[in-house]
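# Per-entry structural report
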Number of protein chains: 2
Amino acid sequence: MKQVKGGVTAAKGFEAASTAAGIKYKDRKDMAMIFSKTPCKVAGTFTTNLVKAAPVKWDQEVVANSKCAHAVVVNAGIANACTGDEGMGYCKETADCAAELLDISSDSVLVASTGVIGKQLPMDRIKNGVKNMVPELKDSLEAGHEAALSIMTTDTKEKEIAVEIELSGKTVTIGGMCKGSGMIHPNMCTMLSFVTTDAKISKQMLQEALSEDVKDTYNMISVDGDTSTNDTCLLLANGEAGNEEIITKNDDYIKFKEALNFVNTTLAKKMAGDGEGATALFEVKVVHALEKEQAKVLSKAVITSNLTKAAIYGHDANWGRILCAMGYSGAEFDPEKVDLYFESKNGSIQIIENGVALDYSEEEATKILSADEVTAIADLKLGEAEATAWGCDLTYDYIKINADYRS
Amino acid sequence: MKQVKGGVTAAKGFEAASTAAGIKYKDRKDMAMIFSKTPCKVAGTFTTNLVKAAPVKWDQEVVANSKCAHAVVVNAGIANACTGDEGMGYCKETADCAAELLDISSDSVLVASTGVIGKQLPMDRIKNGVKNMVPELKDSLEAGHEAALSIMTTDTKEKEIAVEIELSGKTVTIGGMCKGSGMIHPNMCTMLSFVTTDAKISKQMLQEALSEDVKDTYNMISVDGDTSTNDTCLLLANGEAGNEEIITKNDDYIKFKEALNFVNTTLAKKMAGDGEGATALFEVKVVHALEKEQAKVLSKAVITSNLTKAAIYGHDANWGRILCAMGYSGAEFDPEKVDLYFESKNGSIQIIENGVALDYSEEEATKILSADEVTAIADLKLGEAEATAWGCDLTYDYIKINADYRS
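Residues numbered from 1 in each chain as written. Chains lettered and ligands numbered in written order. Predicted model: local features only at pLDDT ≥ 70, side-chain atom pairs only at ≥ 80, totals over all residues.

## Section: the overall build of chain A
Formally: Only DSSP runs of H or I reaching four residues or more are called helices, and only runs of E reaching two or more are called strands; each is numbered from the N terminus. Residues are treated as contacting if the C-beta atoms built from their backbones sit within 7 Å of each other.
Per the secondary structure count, chain A includes eleven helices and 15 strands. Taken along the three principal axes of its C-alpha coordinates, chain A extends 70 × 55 × 35 Å. Contacts in chain A between residues far apart in sequence, at least 24 positions, make up 79% of those at least 6 positions apart.

## A short note on the sheet that holds strand β15 (residues 385-392) of chain A
The strands making up a sheet associate through backbone hydrogen bonding, with each pair oriented either parallel or antiparallel. All names here are of chain A. Applied cut-off: The pairing criterion for strands is at least two bridges between them, as found by DSSP. Angles here are taken between N-to-C directions and fall from 0 to 180 degrees, while the axes themselves are lines fitted to C-alpha atoms, restricted in helices to the stretch in contact.
Strand order in the open sheet made by the six strands is β13-β12-β11-β14-β10-β15, with mixed pairing throughout. Edge positions in the sheet fall to β13 (356-357) and β15, since each of these pairs with one other strand and no more. Of the pairings in the sheet, the one linking strand β10 (residues 281-289) to strand β14 (residues 373-379) comprises seven bridges and is parallel in character. For Val287, the partnering residue across the bridge sits in β14 and is Asp379. Of the strands in this sheet, β10, β14 and β15 are in contact with helix α7 (residues 292-304), which crosses β15 at around 20 degrees.

## Looking at the sheet that holds strand β10 (residues 281-289) of chain B
All names here are of chain B. The six strands lie next to each other as β13-β12-β11-β14-β10-β15, forming an open sheet whose pairing is mixed. Looking at which strands have only one partner, the edges of the open sheet turn out to be β13 (356-357) and β15 (385-392). For β10 and β15, the ladder comprises seven bridges, and the chain directions are antiparallel. Within β15, the residue paired with Leu281 across the bridge is Cys392. This element, helix α10 (residues 362-369), spans β11 (339-344), β12 (347-353) and β14 (373-379) of the sheet and lies at about 125 degrees to β12.

## Details of helix α9 (residues 319-328) of chain B
Residue and element names in this part refer to chain B. Quick reminder of the rule: Counting other C-beta atoms within 10 Å of its own, a residue is labelled buried from 20 upward, exposed at 12 or fewer, and partly exposed in the gap between, with every C-beta atom placed from the backbone.
The buried fraction of α9 amounts to ten of the ten residues, a majority that puts the element mostly inside the structure. Among the residues of α9, Trp319, Gly320, Arg321, Ile322, Leu323, Cys324, Ala325, Met326, Gly327 and Tyr328 are the ones counted as buried. Its buried side turned inward, α9 meets α7 (292-304), α8 (306-313), β11, β12, β13 and β14. Of the residues one or two after α9, Gly330 is the one with positive phi, at around 100 degrees.

## Topic: the domain arrangement of chain A
Residues and elements named next belong to chain A. Defined as follows: For the purposes of this description, domain bounds are those given by an automatic or database domain assignment. Polarity classes work like this: nonpolar for Ala, Val, Leu, Ile, Met, Phe, Trp, Tyr, Cys and Pro, charged for Asp, Glu, Lys and Arg, and polar for all others, with Gly in that last group.
The assigned domain composition of chain A is domain 1 (2-273) and domain 2 (281-403). Counting from both sides, the interface comprises twelve residues of domain 1 and, opposite them, twelve residues of domain 2. Among the residues forming the side of domain 1 that touches domain 2, the class breakdown is six nonpolar, five polar and one charged.

## So, the packing of helix α1 (residues 54-65) of chain B against helix α2 (residues 84-102) of chain B
All names here are of chain B. Convention followed: Small angles under 35 degrees read as roughly parallel and large ones over 145 as roughly antiparallel, with 65 to 115 read as roughly perpendicular and the rest as oblique. Left-handed is the label given to a crossing in which the near helix is rotated counterclockwise from the far helix by less than a right angle, and right-handed is the label when the rotation is clockwise.
Remark: α1 packs on α2, axes separated minimally by 8 Å, with the N-to-C direction vectors making an angle of 55 degrees. As judged from the angle between their axes, α1 and α2 are oblique. Crossing hand, α1 versus α2: right-handed. Residues Ala54, Pro55, Lys57 and Trp58 of α1 form the contact with α2, whose participating residues are Gly87, Met88, Tyr90 and Cys91.

## Brief notes about the packing of α7 of chain A against helix α9 (residues 319-328) of chain A
Residue and element names in this part refer to chain A. Here α7 crosses α9 at 130 degrees, and the two axes come no closer than 8 Å. As far as their axial angle goes, α9 and α7 are oblique. Helix-helix and strand crossings are classified by hand; for α7 and α9 the assignment is right-handed. Across the interface between the two elements, Leu298, Ala301 and Val302 of α7 pack against Ile322, Ala325, Met326 and Tyr328 of α9. Its residues assigned to classes, the contact of α7 with α9 shows seven nonpolar, no polar and no charged.

## Describing the environment of Tyr396 of chain A
Of note, Tyr396 of chain A is situated in helix α11 (residues 396-403). The partly exposed category is assigned to Tyr396 of chain A, around which 17 C-beta atoms lie within 10 Å. C-alpha separation for the pair Tyr396 of chain A and Leu340 of chain A, spaced 56 residues apart in sequence, amounts to 27 Å. Setting aside its immediate chain neighbours within four residues, Tyr396 of chain A contacts Tyr396 and Ile399 of chain B.

## Observations regarding unusual backbone geometry
Leaving glycine out, the prevailing phi sign among residues is negative, and the prevailing peptide bond configuration is trans. If you check the backbone angles, Asn354 of chain B has positive phi at about 50 degrees while not being a glycine. Structurally, the position occupied by Asn354 of chain B is in the loop between β12 and β13.

## Brief notes about the pairing of strand β12 (residues 347-353) of chain A
Residue and element names in this part refer to chain A. Looking at chain direction, strand β11 (residues 339-344) and β12 are connected through five bridges and run antiparallel. When the sheet's bridge partners are listed, Tyr341 is paired in β12 with Gln350. The antiparallel hairpin formed by β11 and β12 contains two residues in its connecting segment. Sheet analysis places β12 next to β13, joined by two bridges and oriented antiparallel.

## Here's the deal with the environment of Ala209 of chain B
Assignment of secondary structure puts Ala209 of chain B in helix α5 (residues 203-216). Separated by 49 residues in sequence, Ala209 of chain B and Glu258 of chain B have C-alpha atoms that sit 9.5 Å apart.

## What about the pairing of strand β4 (residues 69-78) of chain B?
Residue and element names in this part refer to chain B. Heads up, the rule is: Think of it like this: strands point away, you trace from the first strand over the helix to the second, and a clockwise trace means the crossover is right-handed.
A large share of β4 lies buried, amounting to ten of its ten residues. Pairing of strand β3 (residues 31-46) with β4, which is carried by six bridges, proceeds in the antiparallel orientation. Bridging across to β4, Met33 finds its partner in Val73. Note that β4 and strand β5 (residues 109-116) share eight bridges and pair parallel. Paired with Ile78 across the strands is Val116, a residue of β5. Note that the unit made of β4, α2 and β5 has a crossover that is right-handed.

## Describing α11 of chain A
What counts here: Here the arc refers to the directions that run from the helix axis out to each C-beta atom.
Tyr398, Ile399, Asn402 and Ala403 of chain A are the residues of α11 of chain A that are buried. One side of α11 of chain A holds all its buried residues, which, seen down the axis, span an arc of 105 degrees. Tucked inside the fold, the buried residues of α11 of chain A contact α8 and α11 (396-403) of chain B.

## A few points about the environment of Ala376 of chain B
Residue and element names in this part refer to chain B. Positionally, Ala376 belongs in strand β14. Ala376 gets classed as buried once you count the C-beta atoms within 10 Å, which come to 24. Between the alpha carbons of Ala376 and Ser66 there is a distance of 44 Å; along the sequence they are 310 residues apart.

Shown next, in the form of structure tokens:
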């Protein structure tokens, strides 16, 4: 596996375009389109929130029932959530508009929205945006990059990644972009992720690879514990790499899944590290657990603990908060066996041995915790399973972004 | 039921004392003692955190196996959590010291600690504190009030309450004090609550009343979602009111439980409203639910949502965040039936009808949300059950208290 430049247009046959449709933001692009002339197999995973945005419902239908997918139309600024039948109608109108211009069928167009909830989409601007983008579709890395910029809301950095692998002698590329940082206007954190590949793979294998992988990647990050109404991850595969089609969980499937995992992990970490107001990516590894599920529950409890997140902001080696969060996570473990380490580019230090604090240097710990990527490793000394979760620190700016918006 | 002045010394036969033992804080009291010469039935509920502080383990043993209880010794400053066998030994030393001076048995002495975890108690100071307090024990309301002040950590207000009821022609009093606000030094939020009553009631009924009631009171508040290692609620009953002993769930039991509920609800709300950095108590009522459990899960999800809490700080009628939190709570409901209202001393306003925003005045909503106690009411229109949860807003000061402590 080799990391290469680019994002959603890195894989063969994928084009992108973006435009300033004026939905909410001034002086910036706020719509993007991804297109593959070759029909794609499509897999998707979506928010588990009972309150699902209209585009989530639309895409679930496309992923479940459409023969193929060709295009994705994304807008930032309005989430099209809690918008009732009117909002559902706008998904169809957007898809119809793109379908007509691209000469494809409406049910091969996916849509995604992020932004304010409760507001209806301004359909004239959305349709104008689609009309402006279609003639601009390009397969350049630059076009993909512009698309990644266009879907940002409170994100401070665009997020894209691409890798190459070789399957049955053919070069296969997987690339993706995503956005996600926290809440915007009076609204909810929206994570949107779009991954494209030219791999030839059956729809079933594609969905299985994605469904398995999100559990270890997107589902292991948290900025504020608030599950959005719009969370969407789409994976499109157009088969243009010409590899032998993956139809079983063979060696090629494993290689594909490894590459997909790298792409998704990278995108997920970019979101956690760019969490609203964050100054640091906070990674928590739980190792030597009895079972993977146990390790996942424990690592997620730590990265979602407000108190731990505030301590990370203060560069404070507050191991008591970490042990406390593990304790209330619901997972079983023996607190009196736990070893705890902090690690960053500034060094590594052990803080706890067998549940009791060592005589460590606070100064050294603070230095390690002052990096922009900080890792805590909890060694349970029980078995061989492990898991990693990613979050960020909790800062004044998180409050500022989410309290002051409308005042 | 009549609210009366006082706290833990309001009920007949209960005395209190407090002292500045110098455990961590300078120039203030940091130890308290509650004593009843008449032996008490004792009920307790404790943290569900797997990492339990030594005093929690000690008290669980006393509640489960001791014939009676006479005294409670509390210290602020050090939590005696994650302190291993040494910490357990200090619980016994404290109880032994108090028992000798009070001429009672060690296993009738309860202990409670709140503060830094991982540090051992300075036993010389603790014992000196006990020695100083025993001769000072008084049944005055002032002595109870001083005790409530002594157990504070990051609390900004002392928390006490007392009520009177009449059972079988006798006046029965229930009074209590608690502390709880968030985390201190490198440590965890600790909620300690001590309720005394002169009611005559069997140990079994006492424990049942408490165990049932904490589910609707203390377990329905949250400051930061972090369950402490030290959470403790103790209820002592010395029977001095002389009422007919409550041994079944008769009318007297119901009256007693109503009064206990008022005491616990009041103390719990005081903690939520005095959450670290909080500027407002945030109450969430879910009404017309199918089942109480559903209403509880939904109301708790809203008060623990960081995004909602930040919006309350900003006086922002951010209904999308509330609906979002309800949606990811795990409880079933129909988002398209929900009505939502905000209420405070400044007025009342409906924001959503059947899941869709009304054309409400943002100005009016902001005025209502600017009070120091704010209520959101979500009407599910499904059945007759309801529940209430209490939290607070998420503010810059919460970050300051928890990030800057050691820097």
